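Residue-level structure breakdown
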Number of protein chains: 2
Amino acid sequence: MESEPTRVMVAVNESTLRGYPHASISSKKAFEWTLKKIVRSNTSGFKLLLLHVQVQDEDGFDDMDSIYASPDDFRGMRERNKAKGLHLLEFFVKKCHEIGVACEAWIRKGDPTEVICHEVRRVRPDFLVVGSRGLGPFQKVFVGTVSEFCVKHAECPVITIKRSAEESPQDPADD
Amino acid sequence: MESEPTRVMVAVNESTLRGYPHASISSKKAFEWTLKKIVRSNTSGFKLLLLHVQVQDEDGFDDMDSIYASPDDFRGMRERNKAKGLHLLEFFVKKCHEIGVACEAWIRKGDPTEVICHEVRRVRPDFLVVGSRGLGPFQKVFVGTVSEFCVKHAECPVITIKRSAEESPQDPADD
């Protein structure tokens with residue numbers, strides 16, 4: 001009899017690229033790396049905990065003119081955001097089901113760094129996997145990196161998976 | 001058919017505590033964590049690459065009076081160091097054999113941070129596991145941390161495994 005499965009938290013987020021909601025390049029990479037290099041064929045030995053932190057825009061309207069927004073507009077936006085988040089998680093959950101590895105998935109709102117560390121304290125995974133754009137020190141000054149913060153502050157081991165150079169979009173701050 | 005095993009480099013070192021040469025608390029912990037949480041029962045899916053970096057003391061004599069050292073003394077010391085290093089690796093290799101996971105083990109001399117990063121570039125593991133004493137920021141100023149350097153500079157994903165509080169010796173800088 002094997003012991004309890006190893007509980008791996010994977011932080012996933014949406015792409016910053018325009019278009020239909022989809023997972024960011026780096027979180028897809030981190031997820032796939034975990035399956036390929038850690039879980040491998042031992043699907044019953046692992047459980048993936050998929051956390052998506054939704055960042056609330058200051059005005060709540062990404063690319064829209066928000067000047068004449070009515071309360072109804074805000075409600076509509078919240079619904080759309082929720083749908084986007086669920087759609088994102090569905091992508092990862094589906095893949096887990098396909099290969100037969102157990103998973104849980106949930107959404108939290110707030111600052112990704114704080115929320116991830118908070119959720120680590122709450123659910124106590126064996127370790128945390130985060131994707132990273134692999135930006136240079138100069139680029140990082142402007143965009144900040146969730147992964148570095150987690151490595152320092154999360155109360156569990158953290159492994160950072162960088163995107164490869166050929167996966168980087170034209171603007172490396174995009175993901 | 002499964003693909004190539006996942007190659008996990010584990011950096012191991014000797015304890016700083018006095019007595020018979022044995023593995024440091026944090027490298028033993030990192031090794032055991034890897035077996036328990038990553039390898040699990042899937043022993044054929046992984047290969048451990050055990051790297052021990054031997055730090056050369058400036059004068060080559062740990063706790064001895066070196067003033068009257070002859071060339072023979074130096075030769076003797078080098079032999080003893082080599083034996084200590086092999087003895088350390090034997091501890092880890094034996095455990096790997098017991099549970100049936102493939103491994104390679106080797107010794108390099110030099111500065112651990114530089115040598116680990118160099119060996120990562122050379123052998124290209126899928127990821128690197130390093131132990132950490134889990135020192136606070138104040139303590140770190142004085143002892144430096146190999147793990148933080150590796151997280152920043154090693155050209156592969158790195159996972160740092162901290163000692164638990166109850167494993168810490170009286171002086172937390174000891175290991």
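Structural notes, computed from the coordinates. These numbers come from a predicted model, not from an experiment.

1. Observations concerning the relation of the copies chain A and chain B
Least-squares fitting of chain A to chain B yields an RMSD of 0.0 Å, with the superposition described by an axial translation of 0.0 Å and a rotation of 180°. What the rotation and shift describe, once combined, is the action of a two-fold rotation axis. Using C-alpha coordinates, one finds that chain A approaches the rotation axis most closely at A:Ile159, a distance of 2.5 Å. A high fraction, 100%, of the interface residues of chain A reappear at the interface in chain B, so the copies pair face to face through one surface.

2. Structural notes on the pairing of strand S5 (residues 158-162) of chain A
Each regular strand carries side chains that alternate between the two faces of the sheet. All names here are of chain A. The buried fraction of S5 amounts to four of the five residues, a majority that puts the element mostly inside the structure. Taken together, the five bridges between strand S4 (residues 127-132) and S5 define a ladder with parallel strand orientation. Each residue of the ladder has a partner; that of serine 132, found in S5, is lysine 162.

3. Points about the pattern of salt bridges
Residue and element names in this part refer to chain B. This structure, assessed with the given rule, holds 19 salt bridges over all chains. Of the charged contacts in the structure, one is a salt bridge between glutamate 104 and lysine 47, with a shortest N-O distance of 2.7 Å. You can see glutamate 104 sitting in strand S3 (residues 102-109) and its partner lysine 47 sitting in strand S2 (residues 46-54), a full 57 residues away along the chain. Residue arginine 163 pairs with aspartate 175 through a salt bridge whose shortest N-O separation is 3.0 Å.

4. Focus on the environment of B:Glu155
Residue and element names in this part refer to chain B. Within the fold, glutamate 155 resides in the loop between helix H5 (146-153) and strand S5 (158-162). Measuring from C-alpha to C-alpha, the distance between glutamate 155 and aspartate 126 comes to 9.9 Å, with 29 residues separating the pair along the chain. With sequence-adjacent residues up to four places away left out, glutamate 155 is seen in contact with Val120, Arg121 and Arg124. A polar side-chain atom of glutamate 155 sits 3.3 Å from a polar atom in the side chain of arginine 124.

5. A few points about helix H2 (residues 71-99) of chain B
Residue and element names in this part refer to chain B. In this model, H2 (29 residues) spans 43 Å end to end at C-alpha, consistent with the 42 Å of a helix rising 1.5 Å per residue. Residues of H2 that are buried include every one of Met77, Asn81, Gly85, Leu88, Leu89, Phe92, Val93 and Cys96, and no others. Those residues of H2 that are buried lie in contact with strand S1 (6-12), helix H1 (25-39), S2 and S3. Downstream of H2 by one or two residues, glycine 100 has phi in the positive range, about 85°.

6. A closer look at the packing of aromatic side chains
For any pair of aromatic rings, the description rests on two quantities: the centre-to-centre distance and the angle between the ring planes. All names here are of chain A. Per the stated rule, a full pass over the model turns up six aromatic pairs over all chains. Each ring, one from phenylalanine 91 and one from phenylalanine 92, has its centre 5.0 Å from the other, and the planes form 90°; the classification is edge-to-face. Residue classification places phenylalanine 91 among the partly exposed positions, given a relative accessible area of 31%. Of the residues examined, phenylalanine 92 reaches a relative accessible area of 0% and is grouped as buried. Taken together, the ring pairs in this structure connect Phe31, Phe91 and Phe92 into an aromatic cluster.

7. Comments concerning the interface of chain A and chain B
When the parts of a complex come together, some accessible area is lost, and that lost area is often taken as the interface size. With 23 residues of chain A in contact, the opposing surface of chain B contributes 23 residues. Of the roughly 1,800 Å² buried between chain A and chain B, counting both surfaces, carbon and sulfur atoms make up 48%. For the interface between chain A and chain B, the tally reads two salt bridges. Of the charged contacts, one joins A:Lys37 and B:Asp126 as a salt bridge, the two residues approaching to 2.9 Å between their closest N and O atoms. In this structure, the connection of chain A to chain B is made through 12 residue pairs in polar contact (both at pLDDT 80 or more).

8. A look at the nonpolar core
Grouped together as the largest cluster of nonpolar side chains are 47 residues, with contacts concentrated most on A:Leu50, A:Phe127, B:Leu50 and B:Phe127. Discounting chain neighbours no more than four positions away, the residues touching B:Phe127 are A:Trp33, A:Ile38, A:Ile159, B:Thr6, B:Arg7, B:Val8, B:Met9, B:Ile38, B:Cys156, B:Pro157 and B:Ile159.

9. Some details on the environment of A:Leu135
All names here are of chain A. Assignment of secondary structure puts leucine 135 in the loop between S4 and helix H4 (137-143). The buried category is assigned to leucine 135, whose relative accessible area is 11%. When the C-alpha positions of leucine 135 and threonine 145 are compared, they lie 8.6 Å apart, and in sequence the two are 10 residues distant.

10. A short note on the packing of H1(B) against H2(B)
All names here are of chain B. Running from N to C, H1 and H2 cross one another at 15°; their axes reach a closest spacing of 12 Å. One way to sum up the angle between H1 and H2 is to call them roughly parallel. As H1 packs across H2, the resulting crossing turns out to be right-handed. Side by side, H1 and H2 meet where Ser27, Lys28, Phe31, Glu32 and Leu35 of the first sit next to Phe91, Phe92, Lys95, Cys96 and Ile99 of the second. Classifying every residue of the contact of H1 with H2 by side-chain character gives six nonpolar, one polar and three charged.

Cut-offs and rules
- Residues numbered from 1 in each chain as written.
- Chains lettered and ligands numbered in written order.
- Predicted model: local features only at pLDDT ≥ 70, side-chain atom pairs only at ≥ 80, totals over all residues.
- Heavy atoms only, no water.
- Least-squares fit on C-alpha atoms with pLDDT ≥ 70 in both.
- Contact = heavy atoms within 4.5 Å.
- Buried < 20%, exposed > 50% of the residue type's maximum accessible area, 1.4 Å probe, protein only.
- Helix = DSSP H or I, 4+ residues; strand = E, 2+ residues; numbered from the N terminus.
- Pairing = 2+ DSSP bridges.
- Salt bridge = Lys/Arg side-chain N within 4 Å of Asp/Glu carboxyl O.
- Polar contact = N/O pair within 3.5 Å; in protein donor to acceptor, adjacent residues only side chain to side chain.
- Expected span 1.5 Å × (residues − 1).
- Phe/Tyr/Trp six-rings, centres within 6.5 Å; stacked < 30°, edge-to-face > 60°.
- Buried area = accessible area lost by both parts, 1.4 Å probe.
- Core = buried A, V, L, I, M, F, W, Y, C linked by side-chain atoms within 4.5 Å.
- Axes fitted to C-alpha atoms, helices over the stretch in contact; angles between N-to-C directions.
- Parallel < 35°, antiparallel > 145°, perpendicular 65-115°, else oblique.
- Left-handed = near helix turned anticlockwise from the far one by under 90°.
- Nonpolar A, V, L, I, M, F, W, Y, C, P; charged D, E, K, R; others polar.

These values are about where atoms sit, not about what they do.
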